[in-house]
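# Architecture and fold: a report
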Amino acid sequence: MKNIITFAGSNSKDSINKQLAVYASTLVDNVEVTVLDLNDFELPLYGMDYEIAHGIPDNAHKFLQYIKSTDGIILSLAEHNGTYATVFKNLFDWLSRIDGKLWSDKPMLLMATSPGARGGATGLEIAQGRFQYMGGNIVGSFSFPSFGDNFSEGKITNTELQGQLIEEVKQFQDSL
């Protein structure tokens, strides 16, 4: 059986991106899912001086091991001020110090959501452009708008958006 990891690029305990990522993972057939939470991988703010003085933190190595040992990745990015959240960027920076191709060419379903009508589209576009240079194999992407209006009781309530996600999940599933 294949194993996938799913997580949100957020450290909010009530992350709407985590809710979306976990939901998307339930649509993938015949896989074992490991849900990761960035709060379980606390890291100091990346800086070269810190790295020289202390090395790369164990939590960065642990997180990267999850990526290396999985068959696929479902990631939903929180958007803050038009880009991905600082907590995710910090993790991303630490991981890239270990391995510049940190995504290891694993099939990835890359998503974003927000309370607004653009659904984190700007941050998603930035990630799509950047991840390809970091070993990202993005086989599906999904921007989910107006989370509060379109998601309830653990699932998507808008049938058109549900259909779009199912298509992206199918592409992800086929790439595993």
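Given the structure is predicted, the values throughout are model-derived calculations rather than measurements.

Helix and strand counts for the protein stand at seven helices and nine strands. Relative to a compact globule of 176 residues, whose C-alpha radius of gyration would be 16 Å, the protein shows 16 Å and is just as compact. Expressed along its principal axes, the backbone C-alpha trace of the protein runs to roughly 50 × 35 × 25 Å. Relative to its 176 residues, the protein shows a buried fraction of 46%. Sequence-distant contacts, at least 24 apart, represent 78% of the contacts inside the protein between residues at least 6 apart. For the protein, the accessible surface area stands at approximately 8500 Å², while carbon and sulfur atoms represent 46% of it.

Moving on: the side chain of threonine 113. Among the secondary structure elements, threonine 113 is positioned in strand S6 (residues 107-113). Within the structure, threonine 113 has its side chain in polar contact with the backbone oxygen of phenylalanine 144 (distance 2.6 Å). Apart from residues lying up to four places away in sequence, threonine 113 is in contact with Ile16, Asn17, Leu20, Ser76, Leu77, Gly119, Gly120, Phe144 and Phe147.

Basis of the calculations
As a convention, each chain's residues are numbered from 1 in the sequence order in which they are written. Local features in this predicted model are restricted to residues of pLDDT 70 or higher, and side-chain atom pairs are both shown and tallied only at a pLDDT of 80 or more, whereas totals for entire chains, interfaces and linings draw on every residue. Hydrogens are left out, water is left out, and the side-chain values use all remaining heavy atoms of the structure. The way it works is that DSSP assigns letters per residue, a run of H or I at least four long becomes a helix, a run of E at least two long becomes a strand, and they are numbered from the N terminus. The quantity called the radius of gyration is restricted to C-alpha atoms. Its globule counterpart is 2.2 Å times the number of residues to the power 0.38. Between buried and exposed lies partly exposed: a residue is buried under 20% and exposed over 50% of the maximum accessible area for its type, with that area taken using a 1.4 Å probe on protein chains only. The contact rule is simple, with two residues in contact once any of their heavy atoms fall within 4.5 Å. Here, Shrake-Rupley sampling with a 1.4 Å probe gives the accessible areas, and only protein chains in the shown set may cover a residue. Pairs of N or O atoms are called polar contacts if they sit within 3.5 Å, as long as, within protein, a hydrogen donor faces a hydrogen acceptor (for residues adjacent in sequence, only side-chain-to-side-chain pairs).

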